[in-house]
Amino acid sequence: MLTCDHPVPPDRYNERVEEHLRSTGFYHVTQIGVVQCQKALVNALVERWHPDTHTLHLPVGECAVTLEDVAMIFGLPTDGLPVTGMTLSSFEALEAECLHQFGVAPKKSDCRGSGIKLTWLRDLKERLQLTDENNIQVYVKCHIMLLIGTILFGDKSGASVHWKFLPLLSDFASIGQYSWGSACLAHLYRSLCRASRFDCKEIDGPLTLLLCWAWMRLPYLVPVPREPRNFSLANRWRNWKRRDRVYRYLKLAHFRKALDDLQESQFLWVAYSVDRVDPDIISAEIYMHSVIWSATVPLVSFECIEWHATDRFRRQFGFIQGVPHQERNLDRTHGEVLTSPKNLNWATATSHSFWVMQWTNRYNHVLTEEPMAPQQPLDTYMYWYRSKYGDHLNLSDLVVQEDVEGDQHWVTPQFDSRDGGSFSQLLGFMASDAGQAQHGHQADFMVGRHSFDARYPFLTYSGASGGFVFGDSSRSDGGRGVLNSQNSNRVSMTLIEENAKTFEHETDEYLVDELNDEEDEGDEDEDTEEEEDEDMDQDEESYNDAGDKSTPVETGKGYNLRIDPPRRSVSRYMLSVFKKAAKKCKNLVNFGKWIARK
């Protein structure tokens with residue numbers, strides 16, 4: 001029987017909560033603070049992603065985020081059972097599972113289809129009194145579901161988490177036996193594959209993982225890091241915007257050109273060597289999983305299947321790179337989604353069981369050194385690589401060429417992140433200094449689902465993983481979390497709060513207009529707004545003139561720049577546009593009154 005009452009005082013620290021988080025494998029990701037996003041860098045990486053090979057194509061060769069990166073950056077377990085099982089679409093099944101695990105069940109109004117609203121999970125977690133082991137386990141399960149629904153497996157809705165993950169938490173002792181890291185990586189790959197399509201305007205998934213990977217591998221592109229002696233490694237760039245305010249305003253063209261000019265010595269193929277990462281700060285259980293980091297295997301997460309193509313970037317594991325095999329064809333499983341009711345066991349489904357079995361046999365697919373390496377294998381590989389992909393490695397030239405011809409517009413994705421946090425800093429835990437922010441001003445929004453649309457100077461985004469999330473501990477009624485350690489080095493972890501008005505009336509239209517609220521930017525004056533309106537009108541005319549003159553043939557952004565058709569921004573139908581229209585009407589009325597007086 002659950003005991004729910006007032007929130008636990010902020011000066012209490014529950015050791016059992018921390019022990020359970022460690023045993024389940026979610027402790028390190030819980031400790032990550034606010035890592036703000038650099039939207040232009042994300043866009044530049046999306047342009048380089050090739051969905052057929054599941055790799056980023058850079059001038060120095062192919063590379064990708066790997067299981068090793070997930071383990072080092074997030075601290076998630078990577079070797080274990082595949083994250084898969086049943087998906088049921090009925091509300092009765094969801095209700096029964098919640099009753100079984102939480103002792104209470106959400107109402108239909110607390111769900112979105114097969115997803116449980118994050119607000120319901122957060123409220124349940126806040127009301128729990130940690131007086132017995134059952135309540136402690138329910139508390140940890142709520143926390144894990146919030147992590148899954150926001151930073152690890154967040155989708156475009158940002159308001160709920162699919163309940164398919166809940167049965168995997170039923171046996172508390174078995175939670176840590178799943179490969180949550182490989183499932184997280186599968187979601188990142190899927191997000192990149194979708195975002196690389198010419199008609200995609202948004203990206204979701206664990207983008208903090210992508211950014212931290214880029215900062216680890218491309219040190220000449222990083223913002224000012226923090227003290228590196230902490231784990232997980234994502235904390236190196238916690239609150240980087242407050243120490244490097246110039247970096248936040250770098251544009252897509254800057255990163256695109258930087259990647260075009262990348263030299264071999266500038267990319268760290270072995271990024272976690274002892275001279276760059278102190279091995280003493282990394283837990284032993286992280287290294288225990290290292291045996292499978294180089295495995296060339298499918299990445300499995302229920303319906304989501306992606307390919308870990310380590311044979312195409314062997315240098316990231318210290319091996320010699322040769323010409324790789326043909327890219328793996330995942331067939332129909334690559335595009336599988338849960339948009340319609342699917343009552344299916346994905347572990348045994350005909351379309352997925354083959355890939356699940358390959359993951360089960362992952363130890364047989366670990367990379368080894370080639371027994372008979374050819375002479376100068378890297379030179380052979382680079383000749384093959386540049387012969388096949390060389391025409392699309394210098395994207396700046398392609399964009400310039402397109403602009404000169406003037407027929408098409410390369411619509412670059414614009415990734416917007418507020419100063420908001422990520423990870424469990426927003427998930428309900430508070431440190432010993434609860435009630436005030438450890439680093440001063442707390443961010444308003446967290447990184448998550450973001451819109452890809454750069455037609456107009458203002459930005460669009462979708463309320464994202466975790467919805468509109470507040471990280472202000474002063475809003476938590478004196479502190480609702482319970483992991484209040486006396487460790488002075490503990491990362492402050494504040495409350496996740498979903499803006500109620502944002503998802504009070506959810507719709508399937510997830511593109512939402514965003515008002516720019518950067519700390520050091522003031523409101524624009526009326527002249528500037530009128531100029532923007534004129535620019536918008538010109539863009540609309542340009543769109544109408546362009547029409548549908550070209551038909552996309554390929555789907556990769558970086559491989560098909562010139563035939564990406566211009567697209568209307570949905571922002572014209574959103575809040576800021578209506579405000580501008582209302583302002584114009586008001587000005588027109590005032591002008592009419594002035595004429596009448598004359």
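Residues numbered from 1 in each chain as written. Predicted model: local features only at pLDDT ≥ 70, side-chain atom pairs only at ≥ 80, totals over all residues. Heavy atoms only, no water.

As named in an unreviewed UniProt entry, the protein is Aminotransferase-like plant mobile domain-containing protein, taken from Arachis hypogaea.

J.: Looking at this structure, I do not really get the overall build of the protein. What am I missing?
T.: When you go through the protein residue by residue, the secondary structure sums to 16 helices and 16 strands. Looking at the protein as a whole, 57% of its 598 residues qualify as buried. Considering only contacts in the protein between residues 6 or more positions apart, those separated by 24 or more positions represent 81%. For the protein, the exposed area adds up to about 25,000 Å²; of that, 51% sits on carbon and sulfur atoms. (Helix = DSSP H or I, 4+ residues; strand = E, 2+ residues; numbered from the N terminus. Buried < 20%, exposed > 50% of the residue type's maximum accessible area, 1.4 Å probe, protein only. Contact = heavy atoms within 4.5 Å. Areas by Shrake-Rupley, 256 points an atom, 1.4 Å probe, with all protein chains shown as cover.)

J.: Even after reading the chapter, I still don't get the packing of aromatic side chains, so can you show me in this structure?
T.: Applying the stated criterion across every chain, the model contains 21 aromatic pairs. Judged by centre distance (5.4 Å) and plane angle (80 degrees), the ring pair of Phe165 and Phe302 falls under edge-to-face. A residue pair is termed long-range when its members are at least 10 positions apart, and Phe165 in the loop between strand E7 (160-162) and helix H8 (180-195) and Phe302 in the loop between strand E9 (297-301) and strand E10 (304-308) qualify at 137 residues. Of the two residues, Phe165 and Phe302, neither departs from the other in class, the shared state being buried. When the ring of Tyr247 is compared with that of Phe255, the centres are 5.8 Å apart and the planes differ by 75 degrees; the resulting orientation is edge-to-face. Grouping residues by exposure puts Tyr247 and Phe255 together as buried. Here the aromatic cluster, defined as three or more aromatic residues joined through ring pairs, consists of Trp215, Trp237, Trp240, Tyr247 and Phe255. Residue placement shows Arg22 over the ring face of Tyr27; its charged tip is 3.8 Å from the ring centre. (Phe/Tyr/Trp six-rings, centres within 6.5 Å; stacked < 30°, edge-to-face > 60°. Lys NZ or Arg CZ within 6 Å of the ring centre and 35° of its normal.)

J.: Just to check I follow, could you spell out the environment of Leu250 for this structure?
T.: Among the structural elements, Leu250 can be located in the loop between helix H9 (207-217) and helix H10 (252-260). Exposure remark for Leu250: the relative accessible area of 24% places this residue in the partly exposed category. Once the C-alpha coordinates of Leu250 and Leu41 are considered, the two residues, 209 residues apart in sequence, prove to be 8.5 Å apart. The residues touching Leu250, leaving out its near neighbours within four places in the chain, are Gln38, Ala40 and Phe255.

J.: Can you help me understand the packing of helix H6 (residues 118-127) against helix H7 (residues 133-152) in this one?
T.: If you want to describe how two helices pack, look at the angle between their axes and the distance between the axes. At their nearest, the axes of H6 and H7 sit 9 Å apart, and the two run at 155 degrees to each other. Taken together, the axes of H6 and H7 are roughly antiparallel relative to one another. In this structure, H6 meets H7 at a crossing whose hand is left-handed. Here H6 contributes Leu118, Leu121, Arg122, Leu124 and Lys125 to the contact with H7, which in turn contributes Tyr139, Cys142, His143, Met145, Leu146, Gly149 and Thr150. Looking at side-chain class alone, the contact of H6 with H7 contains seven nonpolar, three polar and two charged residues. (Axes fitted to C-alpha atoms, helices over the stretch in contact; angles between N-to-C directions. Parallel < 35°, antiparallel > 145°, perpendicular 65-115°, else oblique. Left-handed = near helix turned anticlockwise from the far one by under 90°. Nonpolar A, V, L, I, M, F, W, Y, C, P; charged D, E, K, R; others polar.)

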